[in-house]
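Below are the chains, spelled out letter by letter.
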Amino acid sequence: MINFAHRGYSGLYPENTMLAFKKAIEIGASGIELDVHLTKDKEIVIIHDELLDRTTNGTGLVMDHTLKELKTLNASILFSQYDIQQIPTLREYFELLASTNLITNIELKNSVIDYPGLEKEVYNLIKEYDIADKIIISSFNHESLVRMKAIDKSIKCGVLESSRLHEPWNYIKNIGMDYYHPMNFVVTEELAYKCKSNNIGLNIWFGISKWSYNEYLKFNPVGLITDFPEKVFDM
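Residues numbered from 1 in each chain as written. Predicted model: local features only at pLDDT ≥ 70, side-chain atom pairs only at ≥ 80, totals over all residues. Heavy atoms only, no water.

Q: An account of helix α4 (residues 118-129) is requested, with residue identities and associated values reported.
A: Look at α4: 17 Å from first C-alpha to last across 12 residues, which is about the 16 Å you get at 1.5 Å a residue. L118, E119, V122, Y123, L125, I126 and Y129 are the residues of α4 that are buried. Projected down its long axis, α4 shows its buried positions confined to an angular sector of 160°, all on one face. Contact partners of the buried residues in α4: β2 (31-38), β3 (44-46), α3 (90-97), β4 (103-108), β5 (135-139) and α5 (142-151). Just downstream of α4, D130 is the residue with a positive phi angle, here 55°. (Helix = DSSP H or I, 4+ residues; strand = E, 2+ residues; numbered from the N terminus. Expected span 1.5 Å × (residues − 1). Buried < 20%, exposed > 50% of the residue type's maximum accessible area, 1.4 Å probe, protein only. Arc of directions from axis to C-beta. Contact = heavy atoms within 4.5 Å.)

Q: Mind laying out the nonpolar core, listing which residues take part and the relevant values?
A: One finds V36, L90, Y93, F94, I106, V122 and I137 to be the most contacted residues of the largest nonpolar core, which totals 56 residues. Among the elements that line this core, the one with the most residues is α4, at six residues. Aside from chain neighbours lying at most four places away, what touches I106 is L34, V36, L90, F94, V122, I126, I135, I136, I137 and S138. Listed in part, the nine residues of the second largest apolar core include V45, L52, L70 and L73. (Core = buried A, V, L, I, M, F, W, Y, C linked by side-chain atoms within 4.5 Å.)

Q: If you had to explain a negative patch on the surface to someone new, which residues and values would you point to?
A: Together, D41, E43, E69 and E121 line one region of the surface with negative charge. As for its placement among the helices and strands, D41 is situated in the loop between β2 and β3. (Patch = residues over 30% accessible without salt bridge, like charges linked within 9 Å, V, L, I, M, F, W, Y side chains within 5 Å. Areas by Shrake-Rupley, 256 points an atom, 1.4 Å probe, with all protein chains shown as cover. Salt bridge = Lys/Arg side-chain N within 4 Å of Asp/Glu carboxyl O. Lys, Arg positive; Asp, Glu negative; His and termini not counted. Charge placed at Lys NZ, Arg CZ, Asp CG, Glu CD.)

Q: Account for the pattern of salt bridges, with residues named and values stated.
A: According to the stated counting rule, one finds 11 salt bridges in the structure shown. As a salt-bridge pair, E92 and K71 come within 2.9 Å of each other at their nearest N and O atoms. Taken together, the positions of E92 in helix α3 and K71 in the loop between α2 (67-70) and α3 put the pair 21 residues apart, joining distant regions of the chain. Judged by relative accessible area, K71 falls into the buried class, the value being 18%. Between R147 and E119 there is a salt bridge; the shortest N-O distance is 2.9 Å. With R147 in helix α5 and E119 in helix α4, this pair connects stretches of sequence that are 28 residues apart. Under the relative-accessibility criterion, R147 is labelled partly exposed at 31%. Taking the relative accessible area as the measure of exposure, E119 reaches 4% and is therefore buried.

Here it is, written out as structure tokens:
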């Protein structure tokens with residue numbers, strides 16, 4: 001099973017920063033989940049929100065700033081005990097990934113702002129580093145996943161959802177995706193069985209509430225995506 005560190009080791013370190021990614025590696029996480037947006041000058045940056053306000057000392061939309069402008073910000077304001085952390089680029093993360101066996105779940109954050117060309121930009125970087133076998137693409141924007149598959153059908157893609165879909169295994173199969181990424185509370189024995197019987201990998205993600213990860217092992221997921229990857233090792 002893949003132990004995905006959600007936004008890096010975000011339970012104890014500033015989310016989506018190189019520090020959070022490195023700490024996830026240090027404790028032995030076998031995967032990392034992260035989020036990407038496009039800047040004003042079409043660079044791929046790793047940050048969760050469309051707005052800078054929650055996790056940095058900046059304001060406004062990520063898309064309205066150049067990479068140079070974003071690099072002046074502090075992305076660790078929610079964890080003031082740590083040194084200043086910059087907003088990383090996907091390229092910077094790939095440099096770290098190259099020396100590991102980590103599986104990375106790249107969430108395309110384009111369900112609110114549908115960035116033109118985001119899929120192609122991400123794909124080109126994956127091919128440049130020759131790491132397609134280490135990558136899963138996910139998004140709440142399922143049209144975006146279809147666009148990614150149109151670029152290269154061999155790229156593994158996962159349908160992100162937090163709602164209770166009717167027979168999601170049929171939907172996922174019909175649009176040609178490889179994984180289902182539901183929020184934990186919608187997962188049932190039937191859902192897990194149907195995904196497995198339709199050759200759909202199940203990666204379960206958890207919100208900020210405290211959950212017991214133990215109870216989800218019975219579903220035999222491909223992976224768990226949590227803010228506290230160290231708790232997975234406690235089971």
